[in-house]
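The primary structure of each chain is shown beneath.
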Amino acid sequence: QVHLVESGGDLVQPGGSLRLSCVASGSVASINAMGWYRQVPGTDRELVATISANGVTSHADSVKGRFTIFRNNKKDTIYLQMNSLKPEDTAVYYCKAMVFKLTPLAAYDYWGQGTQVTVSS
């Protein structure tokens, strides 16, 4: 089991910055990858950025050059540094952990509760 707690969402002005945090607890060693997703009401949840167990990152085209995903040395916390925020970045941001186990063979996704980011003047 993996439990995720997100924090850092806030109301900011366009051009501002925020840093989101996601702390994982439980079977942290079993996490294969983690990621940040966002969702606007009435739309599908979309991928923002991911980081693998090896530290390889990927970012959606819409946030490249503005957002950066990274983690701490213990690999139990990931962050999303968001710069040059735009109104279209407004969404609930969710943290996801992807867990893979060999015994028994299984794969699970765990989600945090979400944190609201609002970019508005």
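Here the structure is shown first, and the text comes after it.
Anyway, here's the lowdown on the structure attached to this text. (Residues numbered from 1 in each chain as written. Predicted model: local features only at pLDDT ≥ 70, side-chain atom pairs only at ≥ 80, totals over all residues. Heavy atoms only, no water.)

Regarding its fold elements, the chain presents zero helices and 11 strands. Secondary structure of the chain in N-to-C order comes out as β-β-β-β-β-β-β-β-β-β-β. Rg of the C-alpha trace for the chain: 14 Å, near the compact-globule value of 14 Å for 121 residues, within the 12% margin. The principal-axis extent of the C-alpha atoms belonging to the chain is close to 50 × 30 × 25 Å. Long-range pairs, those at least 24 residues apart, make up 54% of the contacts in the chain with a sequence separation of at least 6. (Helix = DSSP H or I, 4+ residues; strand = E, 2+ residues; numbered from the N terminus. Rg over C-alpha atoms; globule rule 2.2 N^0.38 Å. Contact = heavy atoms within 4.5 Å.)

Looking now at the state of the cysteines. Considering all chains together, one arrives at one disulfide under this definition. Paired by a disulfide, C22 and C95 hold their sulfur atoms 2.1 Å apart. Between C22 and C95, the S-S torsion sits near -80 degrees, and that sign places the bridge as left-handed. Here C22, found in strand β3 (residues 18-26), pairs with C95, found in strand β9 (residues 91-102); they are 73 residues apart in sequence, far enough to count as distant. We classify C22 as buried; its relative accessible area is 0%. The class for C95 is buried, based on a relative accessible area of 0%. (Disulfide = S-S within 2.5 Å. Buried < 20%, exposed > 50% of the residue type's maximum accessible area, 1.4 Å probe, protein only.)

Here we take up the sheet that holds strand β8 (residues 77-82). Read from one edge to the other, the open sheet built from four strands follows the order β1-β3-β8-β7, with strand pairing classed as antiparallel. The open sheet has two edge strands with one neighbour each: β1 (2-7) and β7 (67-71). With strand direction ignored, the average angle separating the axes of adjacent strands in the sheet is 15 degrees. Relative to β3, β1 runs antiparallel, the two sharing six bridges. Opposite L4, over in β3, you have A24 as the bridge partner. (Pairing = 2+ DSSP bridges. Axes fitted to C-alpha atoms, helices over the stretch in contact; angles between N-to-C directions.)

Okay, the nonpolar core next. In this structure, L4, M34, W36, L80, M82 and Y93 are the most contacted members of the largest nonpolar core, which totals 30 residues. For this core, the element with the most residues is β9, which contributes five residues. If sequence neighbours within four positions are ignored, M34 has contacts with L4, C22, A24, A49, T50, I51, I69, I78, C95, K96, A97 and M98. (Core = buried A, V, L, I, M, F, W, Y, C linked by side-chain atoms within 4.5 Å.)

A word on the pattern of salt bridges. In this structure the tally under the stated criterion is five salt bridges. Across the pair K64 and D61 runs a salt bridge whose closest N-O atoms are separated by 3.2 Å. Owing to a relative accessible area of 65%, D61 belongs among the exposed residues under this scheme. If you follow the salt bridges from partner to partner, you end up with R38, E46, R66 and D89 in one network. (Salt bridge = Lys/Arg side-chain N within 4 Å of Asp/Glu carboxyl O.)

Taken by themselves, the reported measurements are silent on function.
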